[in-house]
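Each chain, written out:
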Amino acid sequence: MQLLVELAAATMLVAITCAVHLMGIAALMLLLRLHRRRRPADARLIWEGLAIVGAATGLFVLHGIEIRLYAGFYLFVGALPSLEAALYFSTASYTTVGYGDVVLAPGWRVLGAIESANGIILLGYGDWQVYRQRLEQAEATTAPRKAPPRSWPSMAMLMTPDRSQRMPLMAP
């Protein structure tokens, strides 16, 4: 019975942390898109640096919130004795360091393992989203503008007997 309670709690915490993370990532992506506006060339490096620092800070805050949610739950159910132990254990588990010097009370250990899986997924997902956004932004600002592709002639135009109506296959 305790295992079912633990799995239900784990499901609830994973759902909450994923929702917090997705809302936070959406806000970060919005801020990075707003940052995309053209800046003067002499200040572009400073603005790009500020965007990277801002994104990293935002990710750090998001993960801190998620770690604190788990730590608060451990305190609430009495799985750990103090706030310091709960934050320490939650941070070590979420980041998959897992020192092992602080352990959860029996009956809550599976939750600690699920926190580790949740943490590594959210750590990777957040980094990937910010990297993808920055890459798209860099490609949009550095890629040369291409002319629209020339439309290909239809088979009907190629088969017309009147050469004056044919579309040339190569540009002159």
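These remarks concern the structure in this document. As the structure is a computational prediction, the values presented were derived from the model and not from experiment.

1. With respect to the overall build of the protein chain
Broken down by element type, the protein chain carries five helices and zero strands. Helices (α) and strands (β) of the protein chain occur, in sequence order from the N terminus, as α-α-α-α-α. Out of the 172 residues belonging to the protein chain, those deemed buried represent 31%. Roughly 11,400 Å² of accessible area belongs to the protein chain as shown, and the carbon and sulfur atoms make up 72% of that amount.

2. Description of the packing of helix α2 (residues 44–77) against helix α3 (residues 83–94)
Axis separation between α2 and α3 bottoms out at 8 Å; the angle between their running directions is 130°. Our classification of the angle between α2 and α3 gives oblique. Remark: the crossing between α2 and α3 carries right-handed chirality. Contact residues: H63, E66, I67, R68, Y70, A71, Y74 and L75 in α2; L83, A86, L87, F89, S90, T91 and Y94 in α3.

3. Observations concerning the nonpolar core
With 14 residues, the main nonpolar core has F73, Y74, L80, L104, W108 and L111 as its most contacted residues. When contributions to this core are tallied by element, the ones reaching two or more residues are α1 (2–35), α2 and α3. Looking at this core, the element that brings in the most residues is α2, giving four residues. The contacts of W108, once residues within four sequence positions are left out, are Q2, V5, E6, A9, F73, V77 and A79.

4. Looking at the side chain of H21
Relative to the assigned elements, H21 resides in helix α1. Of the residues examined, H21 reaches a relative accessible area of 0% and is grouped as buried. Setting aside anything within four residues of it in sequence, one finds H21 in contact with L62, H63, E66, L122, Y125 and G126.

5. Digging into the packing of aromatic side chains
Evaluation of the coordinates by the stated rule reveals five aromatic pairs. Consider the rings of Y70 and Y74, whose centres lie 6.4 Å apart with planes at 40°: the pair is tilted. Of this pair, Y70 and Y74 both sit in helix α2, four residues apart, which is roughly one turn of that helix. With a centroid separation of 5.6 Å and an interplanar angle of 75°, the aromatic rings of Y74 and F89 are classed as edge-to-face. In this pair, Y74 is assigned in helix α2 and F89 in helix α3, connecting sequence segments 15 residues apart. On the accessibility criterion, F89 (12% relative accessible area) is buried. Members of the aromatic cluster, each reached through a chain of ring pairs, are Y70, Y74 and F89.

6. So, the layout of surface pockets
In this structure, the largest pocket spans a volume of roughly 230 Å³. Around the largest pocket, the lining residues are L59, F60, H63, G64, I67, R68, L87, T91, T95, L123 and D127. Those elements giving two or more residues to the lining of the largest pocket turn out to be α2, α3 and α4 (109–142). Residue contributions to the lining of the largest pocket peak at six residues, all from α2. Of the residues that constitute the lining of the largest pocket, the class distribution is five nonpolar, four polar and two charged.

Cut-offs used in this document
Residues numbered from 1 in each chain as written. Predicted model: local features only at pLDDT ≥ 70, side-chain atom pairs only at ≥ 80, totals over all residues. Heavy atoms only, no water. Helix = DSSP H or I, 4+ residues; strand = E, 2+ residues; numbered from the N terminus. Buried < 20%, exposed > 50% of the residue type's maximum accessible area, 1.4 Å probe, protein only. Areas by Shrake-Rupley, 256 points an atom, 1.4 Å probe, with all protein chains shown as cover. Axes fitted to C-alpha atoms, helices over the stretch in contact; angles between N-to-C directions. Parallel < 35°, antiparallel > 145°, perpendicular 65-115°, else oblique. Left-handed = near helix turned anticlockwise from the far one by under 90°. Contact = heavy atoms within 4.5 Å. Core = buried A, V, L, I, M, F, W, Y, C linked by side-chain atoms within 4.5 Å. Phe/Tyr/Trp six-rings, centres within 6.5 Å; stacked < 30°, edge-to-face > 60°. 1 Å grid on protein atoms, 1.4 Å probe; cavity = no way out; pocket = protein on both sides within 12 Å on 5 of 7 lines; lining within 4 Å. Points joined across faces, edges and corners; volume = space filled by probe spheres on them. Nonpolar A, V, L, I, M, F, W, Y, C, P; charged D, E, K, R; others polar.

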